[in-house]
Amino acid sequence: MAGTAVRRRLTWAIAEVVDRTEETPRVRSLTFDVPEWPGHRPGQHLDVRLTAQDGYQAGRQYSISTPAEGTRLTITVERLDDGEVSPYLTDALEVGDRIELRGPIGGYFVWEPDRGGPLQLIAGGSGIAPLMAMLRERLRARSDVPVRMLLSWRSSEDVIYADELNAIARDATGVEITHTFTRSAPDGWTGRTGRLDREALAALAWTPSERPLAYVCGPTGLVEAVASALVELGHDPARVLTERFGPTGG
Amino acid sequence: MSFISRGFQRRQAPAASSDRVPPGQYVTRDFPVLSAGPTPRIRLDEWRLEIIGEVDQPRSWSWQEFTALPAEEVTLDIHCVTKWSKLNTAWTGVPLDALLNGLETSAGFVVAHSYGGYTANLPLDDVTGGKAWVAYRYDGEPLEPEHGGPARLLVPHLYFWKSAKWLRALELRADDAPGFWEGYGYHNYGDPWREQRYAGD
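Predicted model only: the values in this text are computed from it and were never measured.

Peer 1: Whenever I open this one, the interface of chain B and chain A confuses me. Can you help?
Peer 2: The accessible area lost on association of the parts is a frequent measure of interface size. Every contact between the two is made by 43 residues of chain B and, on the other side, 54 residues of chain A. Both faces considered, chain B and chain A share a buried interface measuring about 4,100 Å² in area, 51% of it formed by carbon and sulfur atoms. Interface area lost by chain B to chain A is led by Phe3, Phe8 and Tyr184 of chain B, which between them contribute 20%. Put simply, chain B and chain A have four salt bridges between them. Its salt-bridge partner being Glu224 of chain A, residue Arg41 of chain B comes within 3.8 Å of it at the nearest N-O pair.

Here it is as structure tokens:
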């Protein structure tokens with residue numbers, strides 16, 4: 001488990017909003033241009049810092065949802081109504097505005113094509129963000145690593161990247177995407193509902209004998225349950241990587 | 001001078017105990033869980049805590065032996081590098097001073113080893129002198145596996161990733177060696193009051 005990341009001082013950079021996309025009523029994707037960005041690996045995150053006129057500062061961490069692409073990167077932010085940073089990012093920030101960020105941060109919850117597979121991506125809600133960076137990198141690099149992605153949503157209105165996921169599921173070879181809904185499924189839904197429990201994972205995920213590399217991201221309850229169930233099913237704990245993407249974070 | 005974010009304002013009232021909240025942190029009432037992999041489940045009859053490395057005589061305790069040691073009840077604040085702080089957390093644990101008492105060592109550093117493979121490095125001076133515990137109860141209850149049970153290191157004056165969960169061994173070393181997150185660019189020491197989040201901070 002030893003780290004190999006190069007130690008490099010992280011400095012704050014100015015990032016300009018070049019695009020904002022309404023993913024769901026509560027979720028925005030914000031694309032920034034960051035001239036000083038040193039690049040990142042799929043799965044890494046960054047620190048955002050906001051400074052008020054009176055000097056007050058607040059910061060949070062967000063996963064990057066795009067692979068490295070020059071000076072551009074995208075974060076996907078869910079608005080937490082009692083939060084301080086997320087409502088500003090989702091509602092107040094407009095194209096042309098600038099904020100400060102620094103990164104990339106983290107080097108463990110990272111997937112690149114040379115890490116191989118098969119790749120098992122499992123997310124709850126906005127926990128999909130770092131996994132989307134991995135999936136997009138798999139497609140961008142034209143890797144043939146087989147991918148299964150399991151996504152747990154409360155309802156169909158909560159699905160992030162819906163159009164892109166539908167297009168990938170339709171067009172990409174070797175990528176299977178399965179949605180499940182815990183509260184309300186779309187009309188006419190014939191797929192799965194309920195939580196990603198052991199039985200669902202046994203039915204939908206790669207089997208332990210296929211030795212997948214699994215990345216699990218979402219709220220703590222989902223991550224704990226899914227990671228434990230994978231181990232109980234016989235998956236190697238060293239090949240189950242987790243990241244929390246919880247409602248704490250504001 | 002930092003760049004001003006147009007229209008951004010403080011929304012959260014400063015905490016009443018703001019002198020207890022390090023720079024860049026916000027107070028949470030939850031107890032967030034952070035870990036890099038599945039939560040290890042360690043049976044108490046298989047659990048051991050060891051002191052290894054640069055010591056005259058390695059030490060080792062079974063769960064029964066460990067929990068029979070004199071424990072302290074402490075209430076203190078914890079600070080996570082992901083920016084949450086949690087005030088007045090109540091723990092029961094054995095002070096490291098007691099575990100290391102009488103031990104002869106030339107070591108200057110300690111690496112905490114966890115079940116599951118996690119590691120964290122600290123100067124030995126930061127875990128002695130009443131500054132660190134091996135905690136096994138939280139809020140009067142056995143420590144939950146997701147929070148590091150059966151027992152975790154508790155070093156509240158440093159960012160909480162130093163307080164290794166699922167503690168298995170304390171390795172005393174003459175030289176420093178980066179732990180898990182330290183190897184991925186997190187700060188080698190991690191003082192929340194100096195905001196030492198990442199290497200170079």
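Having seen it, we continue.
Peer 1: Sorry, what's going on with unusual backbone geometry here?
Peer 2: Apart from glycine, the bulk of residues carry a negative phi angle, and the bulk of peptide bonds sit in the trans form. Going from Gly103 of chain A to Pro104 of chain A, the amide bond is cis rather than trans, its omega being 0 degrees. You can see Pro104 of chain A is positioned in strand 6 (residues 98–105). Residue Pro150 of chain B follows Gly149 of chain B across a cis peptide bond; omega there is 10 degrees. Relative to the elements of secondary structure, Pro150 of chain B occurs in the loop between strand 9 (141–142) and strand 10 (152–154). You will see that Arg142 of chain A, though not glycine, has its phi angle at about 55 degrees, which is positive. Residue position: Arg142 of chain A is located in the loop between helix 2 (128–140) and strand 8 (147–155). Backbone geometry places Asn88 of chain B, a non-glycine residue, at a positive phi of 55 degrees. Along the chain, Asn88 of chain B falls in strand 5 (residues 84–95). A relative accessible area of 48% places Asn88 of chain B in the partly exposed class.

Rules behind the numbers
Residues numbered from 1 in each chain as written. Chains lettered and ligands numbered in written order. Predicted model: local features only at pLDDT ≥ 70, side-chain atom pairs only at ≥ 80, totals over all residues. Heavy atoms only, no water. Contact = heavy atoms within 4.5 Å. Buried area = accessible area lost by both parts, 1.4 Å probe. Salt bridge = Lys/Arg side-chain N within 4 Å of Asp/Glu carboxyl O. Helix = DSSP H or I, 4+ residues; strand = E, 2+ residues; numbered from the N terminus. Buried < 20%, exposed > 50% of the residue type's maximum accessible area, 1.4 Å probe, protein only.

In short, geometric facts, not functional conclusions.
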